[in-house]
Amino acid sequence: MLRNPKVEPKLLTLVVLLILFMVAIGIIGLRGIQTTHASLDTLYIDRIEPLGQLSRISNSYNEIPTLVLQVQGGTLSPSQAIHSIDAALVAIRNEWRAYLSTYLIEEERVLIQQIEPLMVVADQAIDRLFSLLKLGQIDEITRFFATTLHPGLDALNPQLAALLHIQIRAAREEHDVSHARYRTIHFFTIGLLATAIILAVVFSLAITRSIGRQREALDREHRLLKTILRTIPDLIWLKDPDGVYLACNPRFERLFGAKETDILGKTDHDFMDTEPA
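Procedures and definitions
By convention here, each chain's residues receive numbers from 1 onward along its written sequence. Whole-chain, interface and lining totals are the exception, using all residues; otherwise, since this is a predicted model, local features are given only for residues with pLDDT of at least 70 and side-chain atom pairs are given and counted only at 80 or more. Excluding hydrogens and water, the side-chain values take into account all heavy atoms of the structure. Criterion for a salt bridge: a side-chain nitrogen of Lys or Arg within 4 Å of a carboxyl oxygen of Asp or Glu. Strands are runs of DSSP state E lasting at least 2 residues, helices are runs of H or I lasting at least 4, and numbering of each runs from the N terminus. Exposure classes here rest on a 1.4 Å probe applied to the protein chains alone. A residue is buried below 20% of its type maximum, exposed above 50%, and partly exposed in between. The span expected for a helix works out to 1.5 Å for each residue beyond the first. Side-chain atoms within 4.5 Å are what join buried Ala, Val, Leu, Ile, Met, Phe, Trp, Tyr and Cys residues into a set we call a nonpolar core. Should any heavy atoms of two residues lie within 4.5 Å, those residues are counted as being in contact. One axis fitted to the seven residues ending at a residue, another fitted to the seven starting there: the angle between these axes is the bend at that residue. Here a polar contact is taken to be a pair of N or O atoms separated by no more than 3.5 Å, where protein atoms must pair a possible hydrogen donor with a possible acceptor and residues adjacent in sequence count only if both atoms sit in side chains. Interaxial angle, 0 to 180 degrees, is taken between N-to-C directions of lines fitted to C-alpha atoms, where a helix line uses only the stretch in contact. Any angle between 65 and 115 degrees counts as roughly perpendicular, while under 35 counts as roughly parallel, over 145 as roughly antiparallel, and the rest as oblique. Crossing handedness is read from the near helix: turned anticlockwise from the far helix by less than a right angle, it gives a left-handed crossing, and turned clockwise, a right-handed one. Residue polarity is assigned by list, with Asp, Glu, Lys and Arg as charged and Ala, Val, Leu, Ile, Met, Phe, Trp, Tyr, Cys and Pro as nonpolar; anything else, Gly included, falls into the polar class. Every residue is assigned a pLDDT by the predictor, reflecting its confidence on a scale from 0 to 100. When DSSP finds two or more bridges between a pair of strands, those strands are recorded as paired. The pairing test for Phe, Tyr and Trp rings, Trp by its six-membered ring, is centres within 6.5 Å, and the orientation test on the planes gives stacked under 30 degrees, edge-to-face over 60, and tilted for anything in between.

What about the pattern of salt bridges?
Across all of its chains, the model carries nine salt bridges by this definition. Across the pair arginine 47 and glutamate 108 runs a salt bridge whose closest N-O atoms are separated by 3.3 Å. Linking arginine 47 in helix α1 (residues 7–73) with glutamate 108 in helix α3 (residues 106–135), this pair joins segments that are 61 residues apart in sequence. For glutamate 108, a relative accessible area of 0% gives the class buried. Each of Glu107, Arg169 and Glu173 takes part in one network of salt bridges that share partners.

Structure below.
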């Protein structure tokens, strides 16, 4: 009796392993996409947008001295200056509020604690400037600008510049972390693919050898059966359910007066007259 080489379990194991590896690679890929998406969100929402917000705050503060100089030079009326400064203050407050709602690291919080008192001082100076502009006291505005307003606004610039520098540095660090994470996922995925390919090759070779041994065993059995069939002196033949000859021995060949190759595939009707005498 031919022993079963158990090819089916090996095929099943190969399929299961490949499916598991594909699932693992898919999960890693999806996690990588999610992580990359989250990193991009963090980079944009918490670093790129704050860069714009802080830049607009700085520009709005720097716009105020320019407006005062235009009033002093007579190219801008006090009422126009009041309107423009008021718009700049609204922009500063909105942008600062938006900036504070983003994710802040500890270094930012420390600087914010230093900046907010300076912003209060600047707001007080700007309120005084509004009063002088409404009164149209240009000479007093010139003196106030040189002694109080300009130094108060200048004190904010280094602190805002420091916050801008933090955004740039934090964005670079986030980029480096994302790049390192990408490389880890990349190499891990390649490792999984390589392992899956190696396992597929190993199992394929094992299955091929099993099939080869099975075929050799079948060939040996076929030759043995053929030898037995040809050496038995009795009439031996084999038919399918439709009466078609599938095999026969030399004694049967002599009975029919034909070679086995001429008998196989035919029925009794091909060799005998079925009409009545």
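Examining helix α2 (residues 78–100)
Three- or four-residue spacings in an α-helix give side chains the same orientation, since the helix completes a turn every 3.6 residues. The end-to-end C-alpha separation of α2 is 32 Å, in line with the 33 Å expected for 23 residues at 1.5 Å each. Within α2, burial applies to Ala81, Ile82, Ile85, Ala88, Leu89, Ile92, Glu95, Trp96 and Tyr99.

Some thoughts on the nonpolar core
Membership of the largest hydrophobic core comes to 37 residues, with the highest contact counts inside it found for Tyr61, Ile85, Trp96, Leu129 and Leu149. Where this core is concerned, the elements lending two or more residues are α1, α2, α3, α4 (138–154) and α5 (156–231). The biggest single contributor to this core is α3, with 11 residues. The residues contacting tryptophan 96, other than those within four sequence positions of it, are Leu54, Ile57, Ile112, Ile115, Glu116, Met119, Leu160 and Leu163.

Observations regarding α4
Along α4, the helix axis deviates most sharply at phenylalanine 145, where the bend reaches about 55°. Those residues of α4 not exposed but buried are Ile141, Phe144, Phe145, Leu149, Gly152 and Leu153.

Here's the deal with the side chain of threonine 189
Looking at the secondary structure, you find threonine 189 in helix α5. Residue threonine 189 is classed as buried on the basis of its relative accessible area of 17%. A polar contact of 2.7 Å, which involves the side chain of threonine 189, links it to the backbone oxygen of isoleucine 185. Leave out the neighbours within four places in its chain, and threonine 189 touches Ile25 and Ile28.

Thoughts on the packing of α3 against α5
Contact pair α3 / α5: the axes reach a minimum separation of 9 Å and the direction vectors enclose 155°. Our classification of the angle between α3 and α5 gives roughly antiparallel. Pair α3 / α5 crosses with left-handed handedness. Residue-level inspection shows Glu107, Glu108, Leu111, Gln114, Ile115, Leu118, Met119 and Ala122 of α3 in contact with α5, the latter providing Leu156, Gln159, Leu160, Ala162, Leu163, Ile166, Gln167 and Arg169. When its residues are assigned to classes, the contact of α3 with α5 shows 10 nonpolar, three polar and three charged.

Points about the confidence of the model for the protein
Of all residues in the protein, 91% have pLDDT values of 70 or greater, and the mean over the chain is 84. α2 holds the highest mean pLDDT among the elements of the protein, 94, whereas α1 holds the lowest, 80.

A closer look at the pairing of strand β2 (residues 245–248)
With three bridges connecting them, strand β1 (residues 237–239) and β2 associate as antiparallel partners. By the bridge assignment for β2, tryptophan 237 is matched with cysteine 248. From the end of β1 to the start of β2, which pair antiparallel, there are five residues, and glycine 243 there has a positive phi angle of about 85°.

Describing the packing of α3 against α4
With their axes 9 Å apart at the nearest point, α3 and α4 run at an angle of 165° to one another. Classed by the angle they form, the pair α3 and α4 counts as roughly antiparallel. For the element pair α3 and α4, the recorded crossing hand is left-handed. Mapping the contact onto sequence places Ala122, Ala125, Ile126, Arg128, Leu129, Leu132 and Leu133 in α3 and Glu140, Ile141, Phe144, Thr148, Leu149 and Leu153 in α4. Counted by class, the contact of α3 with α4 contains 10 nonpolar, one polar and two charged residues.

Digging into the packing of aromatic side chains
By the definition in use, this model includes five aromatic pairs. Ring geometry for tryptophan 96 against tyrosine 99: centres 5.5 Å apart, planes inclined by 40°, an arrangement best described as tilted. Taken together, the residues span about one helical turn, with tryptophan 96 and tyrosine 99 both in helix α2 at a distance of three residues. The exposure class of tyrosine 99 is buried, given its relative accessible area of 0%. Their ring planes at 25° and their centres at 4.5 Å tell us that phenylalanine 252 and phenylalanine 256 sit as a pair that is stacked. Of this pair, phenylalanine 252 and phenylalanine 256 both sit in helix α6 (residues 250–256), four residues apart, which is roughly one turn of that helix. Residue classification places phenylalanine 252 among the buried positions, given a relative accessible area of 3%. When its relative accessible area of 17% is taken as the criterion, phenylalanine 256 is described as buried. Put simply, the rings of Trp237, Tyr245, Phe252 and Phe256 touch in pairs and so form one group of aromatic residues.

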